[in-house]
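Fold and contact review
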Amino acid sequence: MCTFNIQLPVSLSLLYVLIMFKTPPSFPPTIFSISFIVLCIPLSAAPAPFRITTAVNMSTKVAVVTGSNKGIGLAIVQALCKQFDGDVYITSRDVGRGEEAVKTLNSEGLKPKFHQLDINDLNSIKNAAAYFKGKYGGVDILINNAGTAFKASDPTPFDVQAEVILTTNFFGTRGMSTHFLPMIRAGGRVVNISSMLSVTGLKQCSPELQQHFRSEDITEDELVALMRKFLDDAKKGEHKQHGWPDMAYSVSKIGVTVLSMIHARRLSKERPNDRILLNACCPGWVRTDLTSPDAPKSPDEGAITPVYLALLPPGAKEPQGKFLSDKEVQPW
């Protein structure tokens, strides 16, 4: 059942009460139809003082984890269901796989929720943002976990790999940030999953590129331009001679780490009293279908640092705009 709130100026509200309770029985019924007419006006056409709005559940906290139907993302959801006092959402491109993931955790006595979300589809991002804004009024925890990679043995041409990887890992994460950061509530936490390969990749960049990526003055537009330049250089087969590392995944995660630093600085400047903390982290080399069965960490172990950052205590001031691994800030 949907709840509606009629927003009236105080003077009109008092007048309405007087009419309803003080009018003699013989009073013409015309006045009583006014409220009915107001209710029947389309929402878009109703004057602001009379506009009817659906009630939003502002009291329930909510956590959203992208790409969380399996692997590290699912392990993060599992941990949050146990430790976070609020609704926790599994999101994935494929509805069937997402619902299966919900059932898996249900069998463990956990109660995650599900919403379809494809970070490569701008309309999907917008629809998800509208859903969380409409249902909860905002988001308390956002973990940008969705990502992709190619195995070393994959024969796909480098420029094609670069396009696929950066589209998801960097541009998809940026799209999420564009539409979700404005509705992160005060005291919120944002965690972007990066990789230690961003650090090793940075060291393999030319001195000029390193200077750009380490600058505290780099803007989001400048970062986007650099990521697009890498793709252009890769298509021409000239990325190495232009100072880029020979690993597209590393470049994508350099982008994620630097984007996190840019957004953290912006939040600290534009919303200083809200104490929103935004950081990037490496979950470690984890056994998933994108890596190797020889990787030393389980998905549960890979979830430790992201969950640590997502649950930083109220009032915490740091870390902010940092890159962490094993819950420790790493040099950049």
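This write-up is about the structure you can find in this document. (Residues numbered from 1 in each chain as written. Predicted model: local features only at pLDDT ≥ 70, side-chain atom pairs only at ≥ 80, totals over all residues. Heavy atoms only, no water.)

Points about the packing of aromatic side chains
All told, the structure shown has 11 aromatic pairs when counted by the stated rule. Consider the rings of Phe-132 and Tyr-136, whose centres lie 6.3 Å apart with planes at 25°: the pair is stacked. Within this pair, Phe-132 and its partner Tyr-136 are both found in helix α5 (residues 122-136), separated by four residues, close to a single helical turn. Of the two residues, Phe-132 and Tyr-136, neither departs from the other in class, the shared state being buried. In textbook terms, an aromatic cluster arises when at least three aromatic residues are bridged by ring pairs, as seen for Tyr-89, Tyr-131, Phe-132, Tyr-136 and Phe-180. Over the ring of Tyr-136 we find Lys-135; its NZ or CZ atom is 5.6 Å from the centre of that ring. (Phe/Tyr/Trp six-rings, centres within 6.5 Å; stacked < 30°, edge-to-face > 60°. Helix = DSSP H or I, 4+ residues; strand = E, 2+ residues; numbered from the N terminus. Buried < 20%, exposed > 50% of the residue type's maximum accessible area, 1.4 Å probe, protein only. Lys NZ or Arg CZ within 6 Å of the ring centre and 35° of its normal.)

Here's the deal with helix α4 (residues 95-106)
Between its first and last C-alpha atoms α4 spans 16 Å; for 12 residues at 1.5 Å apiece the expected length is 16 Å, and the two agree. Its buried side turned inward, α4 meets α3 (71-83), β4 (87-92) and β5 (113-116). The N-cap of α4, judged by a side-chain oxygen 3.0 Å from the amide nitrogen of Gly-96 a few residues on, is Asp-94. (Expected span 1.5 Å × (residues − 1). Contact = heavy atoms within 4.5 Å. Polar contact = N/O pair within 3.5 Å; in protein donor to acceptor, adjacent residues only side chain to side chain.)

Notes on helix α8 (residues 207-214)
All of the buried residues in α8 are Leu-209, Gln-210 and Phe-213. Summarising the axial view, the buried residues of α8 lie within an arc of 100°, below the 170-degree limit, and thus occupy one face. Opposite its buried face, α8 presents the exposed residues Pro-207, Glu-208 and Gln-211, each directed more than 90 degrees away. Check the buried side of α8 and you find it contacts α7 (197-204), α9 (220-235) and α10 (248-270). (Arc of directions from axis to C-beta.)

Here's the deal with the pairing of strand β7 (residues 184-193)
A large share of β7 lies buried, amounting to eight of its 10 residues. Note: strand β6 (residues 139-144) against β7, five bridges, orientation parallel. The residue bridging Asn-144 from the neighbouring strand is Asn-192, located in β7. Remark: the β6/helix α6 (residues 158-180)/β7 crossover connection has right-handed handedness. Sheet analysis places β7 next to strand β8 (residues 277-282), joined by five bridges and oriented parallel. Directly across from Val-190, in β8, lies its bridge partner Leu-278. (Pairing = 2+ DSSP bridges. Right-handed = clockwise from strand over helix to strand, strands pointing away.)

A few points about the sheet that holds β5
Taken in spatial order, the eight strands of this open sheet run β5-β4-β3-β6-β7-β8-β9-β10, and their pairing is mixed. Every other strand in the sheet has two partners, leaving β5 and β10 (328-329) as the edge strands with one partner each. Seen against the sheet, α3 touches β3 (62-65), β4 and β6 and runs at an angle of roughly 170° to β4. Sheet contacts for α10: β7, β8 and β9 (323-325); angle to β8, the most-contacted strand, approximately 165°. (Axes fitted to C-alpha atoms, helices over the stretch in contact; angles between N-to-C directions.)

Quick word on the side chain of Arg-185
Relative to the assigned elements, Arg-185 resides in strand β7. Residue Arg-185 is classed as buried on the basis of its relative accessible area of 14%. The residues touching Arg-185, leaving out its near neighbours within four places in the chain, are Asn-57, Met-58, Thr-60, Lys-61, Val-62, Tyr-136, Gly-137, Gly-138, Val-139, Asp-140, Arg-271 and Ile-276.

Topic: the packing of α6 against α9
Packing of α6 against α9 leaves a shortest axis separation of 9 Å and a crossing angle of 165°. One finds that α6 runs roughly antiparallel with respect to α9. Handedness of the α6/α9 crossing: left-handed. Here Phe-158, Asp-159, Ala-162, Glu-163, Leu-166, Phe-170, Phe-171, Arg-174 and Thr-178 of α6 come into contact with α9, specifically with Glu-220, Asp-221, Leu-223, Val-224, Met-227, Arg-228, Phe-230, Leu-231, Ala-234 and Lys-235. Here the contact of α6 with α9 is composed, by residue class, of 11 nonpolar, one polar and seven charged. (Parallel < 35°, antiparallel > 145°, perpendicular 65-115°, else oblique. Left-handed = near helix turned anticlockwise from the far one by under 90°. Nonpolar A, V, L, I, M, F, W, Y, C, P; charged D, E, K, R; others polar.)

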